[in-house]
Amino acid sequence: MKDSPDIAEQLRLLRENYAQQLPAKLAQMEDAFRQCDNMVELPNLRHLAHSLAGSGATFGYPALSVAARQLETLVDSALCDGRPLTPKESDTAARLIKTLGREAHNPIVPAPAPALPASNLPETERKLIYLVEDDASLATDLMLQLGHFGYIVKSFETPKQLLETPVDPTLAAVLMDIVFPQGDLAGPEAIIQLAVAKQLRTPVIFFSSRNDLTARLAAARAGGAAYLVKPVDVGELISRLDSLVTDLPPEPYRVLIVDDNSPLASHNAVTLQSVGISTDIVTDPMTILAHLDDFKPDLVLMDMYMPGCTGAELAAVIRQLENYVLVPIVYLSTETDTDRRLIAMQLGADDFLTKPITPEHLISAVSTRLRRYRVLRSHIEQDSLTGLLNHAATKDRLTTETARAARQQGVFCLAVLDLDHFKNVNDTYGHLIGDSVLKNLAELLKRRLRRTDIVGRIGGEEFVVILPDTDAKQAIQLLNELREAFSLVRQRASRDLTFTTTFSCGIAEYQLGANANDTHLLADQALYQAKQAGRNRVILANSDERKGDGSGAFHAL
Ligand SMILES: Nc1nc2c(ncn2[C@@H]2O[C@H](COP(=O)(O)OP(=O)(O)OP(=O)(O)O)[C@@H](O)[C@H]2O)c(=O)[nH]1
């Protein structure tokens, strides 16, 4: 696969820009060299050489990189000794600068980055499902139930109707009964016809009151991805559907590039973007904290030597932040000295990549670490029953969101949800059924909320939803929709017994200056009011009550 035209074009422009700026950089270097007898210009000369050494090869000037690296090493050793260049070193430096001038006219067009399929495809909000069921009341009920979880359902009474309808290209799955008045295996037979006539490749879930091998075999031969026995357990159906139709790409990996060399940082960013990795660039290391909070990187790719502070110092600072103890920090540096590398690593970085680096190597080295980090993070952060964020991770996210809102003077809402009379559910139907209710609520929240919303389970039957960039009015409306939808979900206790249940919810809108505990305490108080007022309702906290000490709200979870 080739670079997308957009990315190839961006890379070409970056190379062109670099080539245009090269003569000025070389002129600066010659100036610095001419004045380097006075020692003041030596660090500048080293910095300029360092910058060219790191960036030249990336933009098609490998020999220039080599010469610049030699120059950097030479100047570095004089600076370490605290002396000017010796006459011999000056000769070598003059020769190297000449080489730089020559090589600046000899660019090689770098091979395009090997693009893997981009993973950040646009998100399709709601999935279209075809339901083929001759029992009108069951069809209506399933349509409603699936609708609560955010699916759009188009219903057909007979397989023939389905066969006669052009297949919608956005179709995500088919739910097909087995037995129809037209035949005991009319459902699977229709699916085979569809596959032949219309090349239907969409996943099919069969459901039937038949539970015999003949029916199951027919479904399997028709390529059925799942087989559910009636009465259909909505929770099971949703989890099967979700696993089959969730083509939502995984959230793109995020790499924060910290490099004062702006063209090089952009080049690396475009290279990573070509495989769907999302990037953010920090050219001024002193602004890194804001970038960390806003961008929440899965990996930090960092230059080692920058004005203001070194990469090693920055790595040490990042490691002091609780939320970034685990995030991989990788140096991308021209540093080859093993001792200096080891010292830099001791301060908190995980690895070294050496500049110049080919796009292939950069992508592969970064991707491996990103994958490992995400797996590790999900083990640490997920609640095992529901797959939502656990208590600690939710608390972290709330702290981060609070910091972001404070910095940007933005808004967000925090909703705390608690199932009503859940003890009764456990006592009446058993703990396992209670668990499936918890999973159904988690599923509903996951399906109905935006990807940018944060959902966690913070206690037995207590959930938290953080809604960035959402004001109180919008939050109330959304949570009421969710409350309504959940109250209509048919929970299955046994083959013949279903029940419904509800949740209460307290919402707090972030108030400028409040900390995470303040907001959480407010939402908790509103939840308490919702319970007192009769449950199954959403109540917004009164922000004037925020004057309490606010302490320990999260501890109380
Ligand atoms: N099935 C199941 N139950 C849980 C889990 N964690 C907590 N619970 C139960 O949740 C119930 C919570 O009960 P209460 O705190 O009395 O609240 P409630 O019955 O929901 O009543 P209100 O909140 O006042 O409406 C207890 O019965 C817990 O055992 C879990 O992981 N699975």
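For the structure itself, look to the data block above.
Predicted model, so just to flag it, every value in this text is computed and none were measured. Numbering of residues starts from 1 in each chain and follows the order in which that chain's sequence is written. Note on the predicted model: pLDDT of at least 70 is required for a residue's local features to be given, and 80 or more for side-chain atom pairs to be given and counted; whole-chain, interface and lining totals, by contrast, use all residues. Calculated side-chain values reflect all of the structure's heavy atoms, with hydrogen atoms and water omitted.

Right, let's talk about the pattern of salt bridges for a bit. What counts as a salt bridge is simple: a side-chain nitrogen of Lys or Arg found within 4 Å of a carboxyl oxygen of Asp or Glu. For the structure shown, the criterion picks out 29 salt bridges. A salt bridge links Arg254 to Asp298; the shortest N-O distance between them is 4.0 Å. Of this pair, Arg254 sits in strand β6 (residues 254–258) while Asp298 sits in the loop between α11 (288–295) and β8 (299–302), and the two are 44 residues apart along the sequence. Take Arg254: its relative accessible area is 13%, and that puts it in the buried class. Only protein chains enter the calculation, and the probe is 1.4 Å; a residue is then buried if its accessible area is under 20% of its type maximum, exposed if over 50%, and partly exposed in between. Residue Asp298 is classed as buried on the basis of its relative accessible area of 0%. Here Asp427 ties to Lys423 by a salt bridge, and the two come within 2.9 Å at their closest N and O atoms. Taken together, the residues Asp427 and Lys423, both in helix α16 (residues 422–429) and four residues apart, mark about one turn of the helix. Classification of Asp427 by relative accessible area gives exposed; the value is 54%. The class for Lys423 is exposed, based on a relative accessible area of 60%. Per the convention used, a helix needs a DSSP run of H or I reaching at least four residues, while a strand needs a run of E reaching at least two, with both numbered from the N terminus.

Next up on the list: the nonpolar core. Counting 53 residues, the largest nonpolar core has Leu237, Leu241, Leu417, Leu445 and Leu479 as the members making the most contacts within it. Among the elements that line this core, the one with the most residues is helix α17 (residues 431–448), at seven residues. In this document the domain limits rely on a domain assignment from an automatic tool or a database. Viewed by domain, this core spans two of them, domain 2 (128–245) and domain 4 (391–547), each represented by three or more residues. We call two residues contacting when some pair of their heavy atoms lies within 4.5 Å. Once you skip the residues sitting within four places of it in the chain, Leu479 turns out to touch Ala415, Leu417, Leu467, Phe503, Cys505, Ile507 and Val538. Residues grouped as a nonpolar core are buried Ala, Val, Leu, Ile, Met, Phe, Trp, Tyr and Cys residues, joined through side-chain atoms within 4.5 Å. Listed in part, the 32 residues of the second largest apolar core include Leu26, Leu45, Leu52 and Ala104.

Right, let's talk about the site of the ligand for a bit. In the vicinity of the ligand, 16 residues are found, and the nearest of them are Phe422, Asp435, Arg457, Lys531 and Arg535. For the ligand, a nitrogen atom lies 2.9 Å from a polar atom in the side chain of Asn426. Polar contacts here mean pairs of N or O atoms no more than 3.5 Å apart (in protein, one a potential hydrogen donor and the other a potential acceptor; neighbouring residues in sequence count only if both atoms are side-chain atoms). The side chain of Asp435 places a nitrogen or oxygen atom 2.7 Å from a nitrogen atom of the ligand. Per-residue and other accessible areas follow the Shrake-Rupley method at a 1.4 Å probe size, with only the shown protein chains counted as cover for residues. The protein chains hide 67% of the 660 Å² of surface that the ligand would expose on its own. Elements represented by at least two residues in the shell around the ligand include exactly β11 (412–419), α16 and α17. Residues are grouped as follows: nonpolar covers Ala, Val, Leu, Ile, Met, Phe, Trp, Tyr, Cys and Pro; charged covers Asp, Glu, Lys and Arg; every other residue, Gly included, is treated as polar. Across the shell around the ligand, the residue classes break down as three nonpolar, five polar and eight charged. Here, proximity means that at least one heavy atom of the residue falls within 4 Å of the molecule or strand.

Turning our attention to the environment of Phe499. Its location among the elements puts Phe499 in strand β15 (residues 497–499). A C-alpha to C-alpha distance of 9.4 Å links Phe499 and Leu488, two positions 11 residues apart in sequence. Apart from the residues within four sequence positions on either side, Phe499 is in contact with Val425, Tyr429, Ile433, Val437, Val489, Arg490, Gln491, Arg492 and Ala493.

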